[in-house]
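Single-letter residue listing:
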Amino acid sequence: MNHQAHTAHGELPGKPTAASRTTLSHIMTAGDTNLLGTVHGGVIMKLADDAAGAVAGRHSEGPAVTASMDEMVFLEPVRVGDLVHVKAQVNWVGRTSMEVGVRVLAERWNESTPATQVGSAYLVFAAIDEDGKPRSVPPVIPETEKDRRRYQEAQIRRTHRLARRRAIKELRASRSPD
Ligand SMILES: CC(C)(COP(=O)(O)OP(=O)(O)OC[C@H]1O[C@@H](n2cnc3c(N)ncnc32)[C@H](O)[C@@H]1OP(=O)(O)O)[C@@H](O)C(=O)NCCC(=O)NCCS
């Protein structure tokens, strides 16, 4: 991956991935549970959206809204008393949108055992101006081998998202109304 490619295509100067990367930590309490007594998936999704939104706002230096959330995976149940850490970073940037990757880790609040990964997701945020219209975002500069891998994988997801959307649109347009 050529860093020049990320800084030359836009008017805005590129920003390294590390500049907006963040971790949101939250302790799970009884109010976060589902009917089974483990933590409700929606609670984790909200934390993922919150962390990703902070990253998108920091990278784009202004308001950004969630356009999509996909591949949300829950690997292990999260329990009351778990300290949940949501690690988020910009994986890829388009003209006005950003893909943010989140990894969700959980550890017992009162034990010194290592945190385990309990989930992950990819969110697309669109940066918006004061009228709610998409605005340009700075290119991202992936600095590490991991950042560069994530950038390339995000491009694959982007291609698939657009192709899927286009194919469904075309199919619907070709069908006669009920
Ligand atoms: C997201 C939103 C700003 C897109 O507006 P739009 O008029 O469709 O604008 P565009 O088609 O130019 O899309 C803007 C960017 O978002 C991307 N995008 C839009 N919808 C997307 C989707 N469903 N999945 C992935 N990317 C998407 C576009 O590819 C484009 O990216 P690019 O400029 O980097 O190529 C608009 O749909 C919106 O305001 N949605 C509501 C967002 C919100 O309120 N979220 C909180 C949930 S309550």
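Under the annotation held in an unreviewed UniProt entry, the protein carries the name Acyl-CoA hydrolase and is attributed to Streptomyces qinglanensis. We quote the UniProt Sequence similarities (unreviewed entry) comment for the protein here in full: "Belongs to the acyl coenzyme A hydrolase family."

Student: Sorry if this is basic, but what is going on with the overall build of the protein here?
Tutor: Per the secondary structure count, the protein includes 3 helices and 7 strands. In the protein, the succession of helices and strands from N to C terminus is α-β-β-α-β-β-β-β-β-α. Taking the principal axes of the C-alpha coordinates as reference, the protein spans close to 50 × 50 × 35 Å. Among the 178 residues that make up the protein, the fraction classed as buried is 30%. Residue pairs in contact within the protein that sit at least 24 positions apart in sequence constitute 72% of those at least 6 positions apart.

Student: How should the nonpolar core be read in this particular structure?
Tutor: Side chains that are nonpolar tend, in soluble globular proteins, to be buried together. Counting 36 residues, the largest nonpolar core has Ala48, Ala52, Val100, Val102, Leu123 and Phe125 as the members making the most contacts within it. Of all the secondary-structure elements, those providing two or more residues to this core are helix H2 (41–60), strand E4 (82–93), strand E5 (97–108), strand E6 (116–127), strand E7 (140–141) and helix H3 (145–174). Ranked by residues supplied to this core, first place goes to E6 with 8 residues. Leu123 has contacts with Ala48, Asp49, Ala52, Thr66, Ser68, Met69, Val100 and Val102, leaving out every residue within four places of it along the chain.

Student: Help me understand the environment of Val124 in this model?
Tutor: Looking at where Val124 falls in the secondary structure, it is placed in strand E6. In this structure, the C-alpha to C-alpha distance between Val124 and Glu111, residues 13 residues apart in sequence, is 35 Å. Filtering out sequence-adjacent residues up to four positions away, Val124 remains in contact with Ala67, Ser68, Ser97 and Glu99.

Student: Just checking my understanding: could you explain the sheet that holds strand E3 (residues 64–74) for this structure?
Tutor: Sheet strands pair via backbone hydrogen bonds, and the direction of the pair is either parallel or antiparallel. Reading across from one edge, E2-E4-E5-E6-E3 is the order of the 5 strands in this open sheet, with antiparallel pairing throughout. Only two strands of the sheet have a single partner each, and these edge strands are strand E2 (22–27) and E3. For this sheet the average axis-to-axis angle between neighbouring strands, irrespective of direction, equals 25 degrees. Packing of H2 onto the sheet brings it into contact with E2, E3, E4, E5 and E6, and relative to E5 it is tilted by some 135 degrees.

Student: Looking at this structure, I do not really get the site of the ligand. What am I missing?
Tutor: Neighbouring the ligand are 14 residues; Ser68, Gly94, Arg95, Thr96 and Ser97 lie closest to it. Elements that contribute at least two residues to the shell around the ligand include exactly E3 and E6. In terms of residue count, the dominant contributor to the shell around the ligand is E3 (4 residues). Looking at side-chain class alone, the shell around the ligand contains 6 nonpolar, 6 polar and 2 charged residues.

Student: In this structure, what is going on with unusual backbone geometry? I would like to understand it.
Tutor: Trans peptide bonds make up the majority, and among non-glycine residues the majority have a negative phi. The backbone of Glu61 sits at a positive phi, close to 55 degrees, despite the residue not being glycine. Here Glu61 lies in the loop between H2 and E3. Its identity is not glycine, yet Glu71 carries a phi of approximately 55 degrees, on the positive side. Locating Glu71 in the fold gives a position in strand E3.

Student: Looking at this model, I keep getting lost on H2. Mind explaining?
Tutor: Every α-helical turn comprises 3.6 residues, leaving residues that sit three or four positions apart pointing alike. Counted at 1.5 Å a residue, the expected span for H2 with its 20 residues is 28 Å, and the 28 Å between its end C-alpha atoms agrees. All of the buried residues in H2 are Ile44, Leu47, Ala48, Ala51, Ala52, Val55, Ala56, His59 and Ser60.

Student: Honestly, the pairing of E6 in this entry has me stumped. Any pointers?
Tutor: Taken residue by residue, a regular strand's side chains alternate between the two faces of the sheet. In terms of burial, E6 is a largely internal element, 9 of the 12 residues being buried. By the bridge criterion, 8 bridges tie E3 to E6 in an arrangement that is antiparallel. In the strand pairing of E6, Val73 is matched with Ser120.

What counts, and at which threshold
- Residues numbered from 1 in each chain as written.
- Predicted model: local features only at pLDDT ≥ 70, side-chain atom pairs only at ≥ 80, totals over all residues.
- UniProt positions renumbered as here; feature names shortened; annotations may be inferred.
- Helix = DSSP H or I, 4+ residues; strand = E, 2+ residues; numbered from the N terminus.
- Buried ≥ 20, exposed ≤ 12 C-beta atoms within 10 Å, placed from the backbone.
- Contact = placed C-beta atoms within 7 Å.
- Core = buried A, V, L, I, M, F, W, Y, C linked by C-beta atoms within 7 Å.
- Pairing = 2+ DSSP bridges.
- Axes fitted to C-alpha atoms, helices over the stretch in contact; angles between N-to-C directions.
- Near = placed C-beta within 6 Å.
- Nonpolar A, V, L, I, M, F, W, Y, C, P; charged D, E, K, R; others polar.
- Expected span 1.5 Å × (residues − 1).

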